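Here are the chains, one letter per residue:
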Amino acid sequence: MENPYESSRLLDEYLLFHYGDVDDALPTEAIAYPQAMREAWGFPHRTVKGFRNRDAHLGLDIGCAVGASSFAMARQCQRVIGIDYSHSFIHAANLLREGKTIDYRRVDEGMQAKHLSAQAPSDIDLDRVTFEQGDAHALREDIGTFDQVHAANVLCRLAEPVKLLQRLPQLVRAGGELVIATPCTWLESFTPSANWPQGSTIDWLKDHLLASFALVKTWDEPFLIRETARKFQWSSSQLSLWTRRDGVW
Ligand SMILES: C[S@@+](CC[C@H](N)C(=O)[O-])C[C@H]1O[C@@H](n2cnc3c(N)ncnc32)[C@H](O)[C@@H]1O
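Model, not experiment: these values are computed from the prediction. (Residues numbered from 1 in each chain as written. Predicted model: local features only at pLDDT ≥ 70, side-chain atom pairs only at ≥ 80, totals over all residues.)

A.B. asks: I would appreciate a short explanation of the overall build of the chain in the present structure.
C.D. replies: If you tally the helices and strands in the chain, you get 8 helices and 9 strands. Computed over its C-alpha atoms, the radius of gyration of the chain comes to 18 Å, within 12% of the 18 Å expected for a compact globule of 249 residues. Principal-axis analysis of the C-alpha atoms gives the chain an extent of 55 × 40 × 35 Å. Among the 249 residues that make up the chain, the fraction classed as buried is 37%. The contacts in the chain between residues at least 6 apart in sequence include a share of 70% that link residues at least 24 apart. (Helix = DSSP H or I, 4+ residues; strand = E, 2+ residues; numbered from the N terminus. Rg over C-alpha atoms; globule rule 2.2 N^0.38 Å. Buried ≥ 20, exposed ≤ 12 C-beta atoms within 10 Å, placed from the backbone. Contact = placed C-beta atoms within 7 Å.)

A.B. asks: Is there a simple way to explain the site of the ligand in this structure?
C.D. replies: Neighbouring residues of the ligand: 17 residues in total, closest Tyr5, Gly63, Ala65, Tyr85 and Ala136. Grouping the constituent residues of the shell around the ligand by class yields 10 nonpolar, 4 polar and 3 charged. (Near = placed C-beta within 6 Å. Nonpolar A, V, L, I, M, F, W, Y, C, P; charged D, E, K, R; others polar.)

A.B. asks: Is there a simple way to explain unusual backbone geometry in this structure?
C.D. replies: Most peptide bonds take the trans form, and the phi angle of most residues other than glycine is negative. The backbone of Ala65 sits at a positive phi, close to 55 degrees, despite the residue not being glycine. Residue placement: Ala65 occurs in the loop between β1 (56–62) and α5 (68–73). For Ala65, a count of 27 C-beta atoms within 10 Å puts it in the buried group. Of note in this structure, Cys184 is not a glycine but carries a positive phi near 55 degrees. Mapped onto the fold, Cys184 is located in the loop between β7 (172–182) and α8 (201–209). For Cys184, a count of 16 C-beta atoms within 10 Å gives the class partly exposed.

A.B. asks: What is the right way to look at the sheet that holds strand β9 (residues 231–244) in this model?
C.D. replies: The strands making up a sheet associate through hydrogen bonds between their backbones, and the pairing can be parallel or antiparallel. Spatially, 7 strands are ordered β5-β2-β1-β6-β7-β9-β8 in an open sheet, and the strand pairing comes out mixed. One side of each edge strand has no neighbouring strand; the edge strands of this open sheet are β5 (129–133) and β8 (213–228). Here the average twist between neighbouring strands, direction ignored, is 15 degrees. Where strand β2 (residues 77–84) and β5 come together, 5 bridges link them in parallel fashion. Its bridge partner being in β5, Ile81 is matched across the sheet by Thr130. Together, β1, β6 (146–152) and β7 form the strand contacts of helix α7 (residues 161–171), whose direction differs from that of β7 by roughly 145 degrees. (Pairing = 2+ DSSP bridges. Axes fitted to C-alpha atoms, helices over the stretch in contact; angles between N-to-C directions.)

Dropping the structure here:
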């Protein structure tokens, strides 16, 4: 299967999802969108608010897409690495990190589109953030250990998600924090069903993580991805905050 996250359509959708204003996504002139859709906007920033430490050293954002959560983490981490498998997303994230503006299309319907532009937030030190293309199944051995690791909506896009779960204890330093978000949308096109959780995703996470992490809390965050003016993906991601136990590998 061709990687959908390399397509120009998904690049446009993710630039809007990560950098667009709610009024760009849900302009009220033509359509009376339900309030719940507006409340679902801003997901890449809301997941990062799940970390408790506001003065951390190193952060890692796995499956960072076009980078908005990595930039948000830089408000509380002195250094952040954002990693994604998509060359196209990482190219865009790097342009934004260089202070550049990216023009993109917000499709309204058919051939009708509005031209918008994305920029990195102006209130953070962009030098704190680096982006790299990489595979969450096999992160480079020398990547290091982090105070905060963020993995949003990526587990159910991996062919072998357990490989990432098994790597997490090495990635989070003792006392460090892990935020996982997952809408539990397991699909054969990304993950062979033999590798899906057999029961609920949260129980499967506990089975794999509790030996090395304490589960602090779980909660839900809605998110909204606009495809056209009249077609959106509204989903509810299940979030969990974990802290790395001391001395348990
Ligand atoms: C559903 S998107 C979520 C992106 C972002 N975290 C967010 O919440 O908006 C899934 C992301 O995982 C990335 N991805 C898929 N397979 C990957 C892999 N093997 N390693 C790293 N990233 C991967 C995709 O390129 C895409 O950016």
